[in-house]
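# Residue-level structure breakdown
Okay, here's what each chain looks like letter by letter:
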Amino acid sequence: TVVIDFSSPNISRPLSIHHLRSTAIGNSLCKIYSALGWRVVGINHLGDWGVHPAIDIAAYKRWGDDEVLRTNPPYELFNLYVRYNAEMENDPSLREEVQAWTRKLEAGDPEALQLWEWFRSETLKDFKRMYGLMGVEFTEHVGESFYRDRVGPLINTLRDSGLAVESEGALVVMLDEYDMPPAIIQTGAGTTVYLTRDLAAAIYRKETYDFDRMIYTTDSGQSLHFRQVFKVLELMGYEWAADCVHVPFGLISFQEGKMSSRRGNVIFLEDVIDRANELTRDIVREKNPDLPNGDEIARQVGIGAIIYADLDSRRNRDIVFDWGEILNFNGETGPYIQY
Ligand code: ARG
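Read on for a plain summary of the structure. (Residues numbered from 1 in each chain as written. Predicted model: local features only at pLDDT ≥ 70, side-chain atom pairs only at ≥ 80, totals over all residues. Heavy atoms only, no water.)

With that settled, the discussion passes to the pairing of strand 1 (residues 2–5). By the alternation rule, side chains of strand 1 split into Val2 and Ile4 and Val3 and Asp5, which are all buried. Pairing of strand 1 with strand 2 (residues 40–43) involves 4 bridges; the strand directions are parallel. Each bridged residue has a counterpart across the sheet, and for Ile4 the counterpart in strand 2 is Gly42. Following the chain from strand 1 across helix 1 (residues 18–35) to the adjacent parallel strand 2, one finds a crossover that is right-handed. Looking at chain direction, strand 1 and strand 6 (residues 213–219) are connected through 4 bridges and run parallel. Paired with Val3 across the two strands is Met214, which belongs to strand 6. (Buried < 20%, exposed > 50% of the residue type's maximum accessible area, 1.4 Å probe, protein only. Helix = DSSP H or I, 4+ residues; strand = E, 2+ residues; numbered from the N terminus. Pairing = 2+ DSSP bridges. Right-handed = clockwise from strand over helix to strand, strands pointing away.)

Right, let's talk about the packing of helix 2 (residues 51–63) against helix 4 (residues 73–88) for a bit. At a closest axis distance of 9 Å, the pairing of helix 2 and helix 4 adopts a crossing angle of 90°. Comparing the axis directions of helix 2 and helix 4 gives the class roughly perpendicular. For the pair helix 2 and helix 4, the contacting residues are His52, Ile55, Asp56, Ala58, Ala59, Tyr60, Arg62 and Trp63 in the first and Leu80, Tyr81, Arg83, Tyr84, Asn85, Glu87 and Met88 in the second. In terms of residue class, the contact of helix 2 with helix 4 is made up of 9 nonpolar, 2 polar and 4 charged. (Axes fitted to C-alpha atoms, helices over the stretch in contact; angles between N-to-C directions. Parallel < 35°, antiparallel > 145°, perpendicular 65-115°, else oblique. Contact = heavy atoms within 4.5 Å. Nonpolar A, V, L, I, M, F, W, Y, C, P; charged D, E, K, R; others polar.)

Spatially, the 3 strands line up as an open sheet ordered 3-4-5, and their pairing is antiparallel. Each end of this open sheet is capped by a strand with a single partner; those strands are strand 3 (164–167) and strand 5 (183–186). Within the sheet, the average angular offset between the axes of one strand and its neighbour, ignoring direction, is 45°. Here 3 bridges tie strand 4 (residues 170–173) to strand 5, and the two strands are oriented antiparallel to one another. Its bridge partner being in strand 5, Leu171 is matched across the sheet by Gln186. Taken strand by strand, helix 7 (residues 148–160) contacts strand 3, strand 4 and strand 5, and its axis lies near 120° from that of strand 5.

Turning next to the packing of helix 7 against helix 8 (residues 194–209). The angle between the axes and the distance between the axes are what describe a pair of packed helices. The contact between helix 7 and helix 8 brings their axes to 10 Å, and the two run at 95°. Put simply, helix 7 runs roughly perpendicular to helix 8. Of the residues in helix 8, those touching helix 7 at Arg150, Val151, Leu154, Ile155 and Leu158 are Thr196, Arg197, Leu199, Ala200, Ile203 and Tyr204. Taken together, the residues of the contact of helix 7 with helix 8 sort by class into 8 nonpolar, 1 polar and 2 charged.

Another point: unusual backbone geometry. For Glu168, which is not glycine, the phi dihedral falls at a positive 50°. With respect to the helices and strands, the residue Glu168 is situated in the loop between strand 3 and strand 4. Looking at Glu168, the relative accessible area reads 83%, which means it is exposed. In the Ramachandran plot, Asp210 falls in the positive-phi region, its phi being about 45° despite a non-glycine side chain. By secondary structure assignment, the location of Asp210 is in the loop between helix 8 and strand 6. Its relative accessible area of 51% is what places Asp210 among the exposed residues.

This part takes up the packing of aromatic side chains. This model, assessed by the stated rule, comprises 18 aromatic pairs. For the ring pair Tyr33 and Trp38, a centre distance of 4.9 Å and an interplane angle of 80° mean the geometry is edge-to-face. Note on Tyr33: relative accessible area 12%, which makes it buried. Looking at Trp38, the relative accessible area reads 27%, which means it is partly exposed. Centre to centre, the rings of Phe146 and Tyr204 are 5.0 Å apart; their planes meet at 65°, and the pair counts as edge-to-face. Remark: Tyr204 occurs in helix 8 and Phe146 occurs in the loop between helix 6 (110–134) and helix 7; sequence separation between them is 58 residues. According to the relative accessible area criterion, Phe146 is partly exposed, its value standing at 37%. Connected via pairs of aromatic rings, a cluster forms that spans Phe6, Tyr131 and Phe138. (Phe/Tyr/Trp six-rings, centres within 6.5 Å; stacked < 30°, edge-to-face > 60°.)

Set out below in structure tokens:
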């Protein structure tokens, strides 16, 4: 059994170009392991707990417009989030509001939970639409919020065993012996963190699936995070920590001007797919104007081109997408293979 944790976007925003790699590489690993005869458990570990959902709620309470939100939830939630972060710079009271909503969420306040659940389900609907376009499937969509009740007992275990110690008000596991900064288990404000939820998730998955290997695909910026997670698991006495693997990858960018973003400096995956379809449609029309299902073919070839270009690149390098190269109908490209 192999557990593959991939894609794993944060809620309340659309998928962006940086989710392409985790999604394409993770999905590809699922297929390869299946073909090799493994039982594959593909998990979408949604970022659906912690501070950013609290920002979403605070922003919604301030400026949210249900009408607008209903028409395009992930994009509108993202706009609210960006605006809130910008205004938080100048107005510290906004920061306090976020802390208050974080505490309310963790304490199970009904209003906080209801808004969070609404944002979460609307975003997940949109993610599933995108995964459908890309032919990507998961065994389950279980996010960080799933572990919220498991984190408390885990923190107690870590504290009682002496592994976690107080440091400047926070609770940490010291890792300097292993050349790593301390792993923060709980913040000074008493809220839980990403890393603790990853510890809880790993233990839960071992209990549930008894995996022989577990793989996480994220960009290389999270390499230290996973080294810390695996080390803490090992120090807790879990021998299977050695079966956990981080598969890091570089970032994607576009050649200057070739994929300008109409919505700030984030490039949304949907815009990239649309652009690929548009460009492919032109090529298909030119090469084969009488094709009855030309638009459908263009869609398939466009998405194939993007995924192929991702998988064909050196995993650990940053990659620069060049439409001319990706959509070339000759050479080592998606369109050529599909042809
Ligand atoms: N939600 C994280 C992000 O957007 C990725 C989560 C990866 N998986 C994990 N188990 N930590 O960066």
